[in-house]
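Architecture at a glance
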Amino acid sequence: QVQLVESGGGLVQPGGSLGLSCAAQGSIFSIDAMAWYRQAPGKQRELVAAITPAGMPSYADSVEGRFTISRDNSKNMVYLQMNSLKPEDTAVYYCNVRARRVATYGYLTNWGQGTQVTVSS
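Rules used in this analysis
- Residues numbered from 1 in each chain as written.
- Predicted model: local features only at pLDDT ≥ 70, side-chain atom pairs only at ≥ 80, totals over all residues.
- Heavy atoms only, no water.
- Helix = DSSP H or I, 4+ residues; strand = E, 2+ residues; numbered from the N terminus.
- Rg over C-alpha atoms; globule rule 2.2 N^0.38 Å.
- Buried < 20%, exposed > 50% of the residue type's maximum accessible area, 1.4 Å probe, protein only.
- Contact = heavy atoms within 4.5 Å.
- Pairing = 2+ DSSP bridges.
- Core = buried A, V, L, I, M, F, W, Y, C linked by side-chain atoms within 4.5 Å.

Thoughts on the overall build of the chain
- Of the regular secondary structure elements, the chain holds 0 helices and 11 strands.
- The N-to-C order of helical and strand elements in the chain reads β-β-β-β-β-β-β-β-β-β-β.
- Relative to the 2.2 N^0.38 estimate, which gives 14 Å for 121 residues, the radius of gyration of the chain is 14 Å and therefore close to what a compact globule would have.
- For the chain, the spread of C-alpha atoms along the three principal axes comes to 50 × 25 × 25 Å.
- Counting every position in the chain, which comprises 121 residues, the buried fraction comes to 40%.
- In the chain, 56% of the contacts between residues at least 6 apart in sequence involve partners at least 24 apart.

What follows is the structure, given as structure tokens:
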């Protein structure tokens, strides 16, 4: 089983910065794509940013230029640095990792427990 442990998040004022971290733990053979999603109250979960195993990032239009996704393959970790935060960035942020477990075939999608990010003055 693969567990995703998220950290970071909290309350920040508009224009501020915040960083999220996610560690993939367990009997992991390899990791494919890693990503961050978010879900605001009353809205559907949406993709915020993703990163390939080679480190190629992609972003939602709403966060392009403000957020940066990165990963450390040696530690099975993915990060999200959020700058110039806006009230509309308020949401629960979820880590998403496609991983292959030891002694298994194929990749499965795993989700973190979610961490609250609130942008408010």
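Structure shown, so let's carry the discussion forward.
Observations regarding the environment of Gly 106
- Tracing the backbone shows Gly 106 in the loop between strand E9 (91-101) and strand E10 (108-111).
- Look at Gly 106 and you get partly exposed, because its relative accessible area is 39%.
- The spacing of Gly 106 and Gly 8 is 98 residues in sequence and 30 Å in space, taken between C-alpha atoms.
- Excluding anything up to four places from it in sequence, Gly 106 contacts Ala 99 and Arg 100.

Considerations on the pairing of strand E8 (residues 77-82)
- In this structure, strand E3 (residues 18-26) lies alongside E8, joined through 6 bridges in antiparallel fashion. Each residue of the ladder has a partner; that of Ala 23, found in E8, is Met 77.
- Summarising the sheet, strand E7 (residues 67-72) and E8 pair through 6 bridges and their orientation is antiparallel. Looking at the pairing, Phe 67 lines up with Met 82 of E8.
- Taking the residues that link successive antiparallel strands as the turn, the E7-E8 hairpin has 4 residues, and the phi of Asn 76 there is positive, at about 55 degrees.

Topic: the nonpolar core
- Counting residues in each nonpolar core, the largest one holds 30 residues, and the members touching the most others are Trp 36, Phe 67, Val 78, Leu 80, Met 82 and Tyr 93.
- Breaking this core down by element, the ones donating at least two residues are strand E1 (2-8), E3, strand E4 (28-39), strand E5 (46-51), E7, E8, E9 and strand E11 (115-119).
- It is E9 that provides the largest number of residues to this core, a total of 5 residues.
- For Leu 80, the contacting residues outside a window of four places in its chain are Leu 18, Gly 19, Leu 20, Trp 36, Val 48, Ala 49, Phe 67, Thr 68, Ile 69 and Tyr 93.

What is shown is where atoms sit, not what they do.
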